[in-house]
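# Fold and geometry: a report
The lines below spell out each chain.
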Amino acid sequence: MAKIYSEISKTFNEYLLIPNLTTPECIPDKIALDVPLTRNSKGKDPLRLNIPFVSAIMQSVSDDKLAISLARCGGLSFIYGSQPIESQAKMIKKVKSFKSGFVTCDTYLSPENTLDDIIQLRDKTGHSTMAVTSEGCQDSTFVGIVTSRDYRVSRDSLDKKVYDIMTPYHKLIIGEEGISLSKANDIIWANKLNCLPIVNDDQKLINMVFRKDYDAHKENPLELLDKKKSLLVGAGINTHDYQERIPMLINAGVDVLCLDSSDGYSVWQKETISYVKATYPGMYIGAGNIVDAEGFRYLADAGADFIKVGIGGGSICITREQKGIGRGQATSILEVAEARKKYQEETGVYIPICSDGGIVYDNHITMALAMGADFVMMGRYFARFDESPGKKLKHGNDYVKEYWGEGSNRAKNWQRYNMSANKETLFEEGVDSYVPYAGTLKDNLSTTLSKIKAAMSSCGAASVKELQEKARITTVSATSIREGGAHDIILKEKNY
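These figures come from a predicted structure and were not determined experimentally. (Residues numbered from 1 in each chain as written. Predicted model: local features only at pLDDT ≥ 70, side-chain atom pairs only at ≥ 80, totals over all residues. Heavy atoms only, no water.)

Moving on, we get to the overall build of the protein. Helix and strand content of the protein: 16 helices and 23 strands. For 496 residues, the compact-globule estimate of 2.2 N^0.38 gives 23 Å, and the C-alpha radius of gyration of the protein, at 25 Å, lies within 12% of that figure. Looking at the protein as a whole, 50% of its 496 residues qualify as buried. Sequence separation of at least 24 residues holds for 65% of the intrachain contacts in the protein that already meet a minimum separation of 6. Summed over its atoms, the accessible surface of the protein is roughly 24,200 Å², and 50% of this surface lies on carbon and sulfur atoms. The positive charge centre, built from 61 side chains, and the negative charge centre, built from 63, are 3 Å apart in the protein. (Helix = DSSP H or I, 4+ residues; strand = E, 2+ residues; numbered from the N terminus. Rg over C-alpha atoms; globule rule 2.2 N^0.38 Å. Buried < 20%, exposed > 50% of the residue type's maximum accessible area, 1.4 Å probe, protein only. Contact = heavy atoms within 4.5 Å. Areas by Shrake-Rupley, 256 points an atom, 1.4 Å probe, with all protein chains shown as cover. Lys, Arg positive; Asp, Glu negative; His and termini not counted. Charge placed at Lys NZ, Arg CZ, Asp CG, Glu CD.)

Okay, here's the thing in structure tokens:
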């Protein structure tokens with residue numbers, strides 16, 4: 001006989017936070033939003049996020065452009081896997097090559113190249129500063145630099161040699177290998193440089209440091225960087241072609257993987273996790289999605305580094321309508337957080353929880369964190385911004401962005417939803433839609449983070465962990481939900 005749960009499945013909108021004592025230690029300016037991304041395994045430092053945000057593994061959300069913007073703000077994107085392996089790896093490389101600090105040069109010329117070669121390379125790569133080496137490759141001797149200020153296309157012959165254009169090595173100010181980023185920037189500012197080459201004892205170019213990256217880093221103090229000062233980036237994978245896909249993603253520099261499935265409580269996820277742990281022991285992998293304690297325990301025992309919670313709660317997801325599968329997001333998070341607590345008590349291992357779906361308002365993010373989620377994964381939220389892949393269109397009198405689900409016919413991501421290779425059995429579990437255009441990611445994210453910090457301050461919490469320990473939560477009636485918004489007035493305009 002089927003097991004019937006007596007507890008009603010609830011959403012975030014059915015709860016409110018009760019204020020605690022606010023003290024000088026938890027004013028918004030002192031609140032830290034960094035959280036763990038991966039489990040605290042022995043011998044391997046966990047990855048951390050500087051803000052508790054990751055973007056959904058979706059064609060209409062997470063490409064390299066959004067990944068760069070989000071990582072610069074402190075979050076992480078998982079580049080969507082419903083594309084050819086080569087193109088996904090290429091996106092990963094673009095994110096990893098975008099460095100604020102020490103930049104690895106990938107644009108080389110030899111002294112025998114011409115101005116025509118410079119122009120072609122500039123148009124191909126978008127780089128205006130190019131290293132000149134004796135053989136025109138990374139491993140040969142560094143002999144000079146060419147910048148856009150060294151030539152004039154309208155006056156110089158296209159046959160003009162690079163050695164007549166470049167600034168030669170003996171005229172360059174350089175930094176020695178091992179120099180700190182702070183010292184390199186001091187040299188740049190003291191000598192009014194735009195670029196400082198970092199060179200080793202064999203006169204080989206190691207890195208370049210650019211003035212513009214220093215300015216950009218000051219504007220983005222929460223940038224999520226690895227030890228080489230590259231932005232962190234994740235990638236979505238499935239349980240079908242992972243053995244072919246993962247090696248190329250690792251070669252491209254991916255920092256963390258995440259299994260992308262509408263139902264993660266399956267033997268195929270366990271098999272994939274086991275493969276990754278055995279074949280690439282240094283790689284992190286998240287799993288999901290699940291909605292209860294049993295699903296959490298299964299993936300935790302399998303070795304998942306973080307676990308995604310949520311089925312059917314996404315704005316473009318129709319899994320609950322099509323299959324009758326899912327659970328209210330708040331109820332799911334509460335049960336899984338309790339299961340995680342028991343797992344930690346038994347094993348000493350803490351596994352982060354990702355709340356995926358069910359976020360309608362910014363306050364729902366704070367509620368998810370208070371209930372036990374370490375970070376949230378969102379699609380609709382990020383799809384609204386300039387940096388998302390969807391087209392910006394005029395719809396009536398308003399601007400919108402395209403937003404489609406991975407379960408829609410447009411995405412054709414059958415690997416995410418189907419456990420067999422029989423595509424004839426497929427049906428839609430997502431829709432094709434628009435979302436209101438909202439502008440830039442950074443501006444909107446700043447407002448959202450301010451709301452989260454303000455709520456945490458009211459709860460007397462200076463960190464996400466403290467919020468989870470101190471939060472007092474109450475359920476609300478339908479009437480009190482209405483009472484919580486503007487009511488019994490005529491709004492001039494709704495701009496919040």
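The next thing to look at is the packing of aromatic side chains. Applying the stated criterion across every chain, the model contains 11 aromatic pairs. Aromatic pair F78 and F306: ring centres 5.9 Å apart, planes at 45°, arrangement tilted. One end of the pair, F78, is in strand β5 (residues 76-79); the other, F306, is in strand β17 (residues 306-309), and 228 residues separate them in sequence. Both residues of the pair, F78 and F306, belong to the buried class. By way of ring pairs, the aromatic residues F53, Y381, F382 and F385 are connected into one cluster. Looking at R211, its charged tip hangs above the ring of W189, at a distance of 4.3 Å from the centre. When the ring centre of Y399 is taken as origin, the NZ or CZ atom of K392, which lies over that ring, is 4.8 Å away. (Phe/Tyr/Trp six-rings, centres within 6.5 Å; stacked < 30°, edge-to-face > 60°. Lys NZ or Arg CZ within 6 Å of the ring centre and 35° of its normal.)

Moving on to the packing of helix α7 (residues 267-279) against helix α8 (residues 293-302). Here α7 crosses α8 at 25°, and the two axes come no closer than 9 Å. Judged on the interaxial angle alone, α8 and α7 are roughly parallel. Where α7 crosses over α8, the two elements pack in a sense that is right-handed. Listed contacts from α8 to V267, Q269, K270 and I273 of α7 are Y298, L299 and A302. (Axes fitted to C-alpha atoms, helices over the stretch in contact; angles between N-to-C directions. Parallel < 35°, antiparallel > 145°, perpendicular 65-115°, else oblique. Left-handed = near helix turned anticlockwise from the far one by under 90°.)

All right, on to the nonpolar core then. Within soluble globular proteins, side chains that are nonpolar tend to cluster in buried spots. Ranked by internal contacts, the top residues of the largest apolar core, which has 97 residues, are F53, L76, F78, L257, F296, F382 and L445. Not counting chain neighbours up to four residues away, the residues in contact with L76 comprise L37, L49, F53, V54, S55, L70, L224, L232, V233, G234 and V256. (Core = buried A, V, L, I, M, F, W, Y, C linked by side-chain atoms within 4.5 Å.)

The contact between helix α1 (residues 64-73) and helix α2 (residues 85-97) brings their axes to 9 Å, and the two run at 30°. As the angle between them shows, α1 and α2 are arranged roughly parallel. Seen along the crossing, α1 lies across α2 with a hand that is right-handed. Contacts between α1 and α2 pair D64, A67 and I68 from the former with M91, K94 and V95 from the latter. For the contact of α1 with α2, the residue count by class is 4 nonpolar, no polar and 2 charged. (Nonpolar A, V, L, I, M, F, W, Y, C, P; charged D, E, K, R; others polar.)

Residue placement: V464 occurs in helix α15 (residues 464-470). For V464, a relative accessible area of 2% translates into the label buried. Between the alpha carbons of V464 and G372 there is a distance of 9.1 Å; along the sequence they are 92 residues apart. Contacts of V464, omitting those with residues within four sequence positions, involve A32, L33, V35, L369, A373 and M456.

Taken in spatial order, the 4 strands line up as β7-β8-β9-β10 in an open sheet, and their pairing is mixed. Where the open sheet ends on each side, the last strands, each with one partner, are β7 (108-109) and β10 (167-168). Looking at chain direction, strand β9 (residues 142-146) and β10 are connected through 2 bridges and run antiparallel. From the neighbouring strand, I145 faces β10, where its bridge partner is T167. (Pairing = 2+ DSSP bridges.)

By the bridge criterion, 4 bridges tie strand β20 (residues 392-395) to strand β21 (residues 398-404) in an arrangement that is antiparallel. Bridge pairing links K392 to K401 in β21.

Attention shifts here to the side chain of S55. Residue position: S55 is located in strand β4 (residues 53-55). You can call S55 buried: its relative accessible area is 0%. For S55, the side chain forms a polar contact with the side chain of S62, separated by 2.6 Å. Those residues in contact with S55, other than ones at most four positions away along the chain, are V61, S62, L66, L70, L76, S77, F78, M377, M378 and F382. (Polar contact = N/O pair within 3.5 Å; in protein donor to acceptor, adjacent residues only side chain to side chain.)

Let's shift gears to the sheet that holds β21. Pairing between sheet strands relies on hydrogen bonds along the backbone, with the strands arranged either parallel or antiparallel. Read from one edge to the other, the open sheet built from 3 strands follows the order β20-β21-β22, with strand pairing classed as antiparallel. Each having just a single partner strand, β20 and β22 (432-436) make up the two edges of the open sheet. Adjacent strand axes in the sheet meet at a mean angle of 50°, parallel and antiparallel pairs treated alike.

Take unusual backbone geometry next. Peptide bonds are trans in most cases, and residues, glycine excluded, mostly fall at negative phi. Of note, the amide linkage connecting G288 to N289 takes the cis form, showing an omega dihedral of 15°. Structurally, the position occupied by N289 is in strand β16 (residues 284-290). Although it is not a glycine, Q203 adopts a positive phi angle of roughly 60°. Tracing the sequence through the fold places Q203 in the loop between β12 (195-199) and β13 (205-210).

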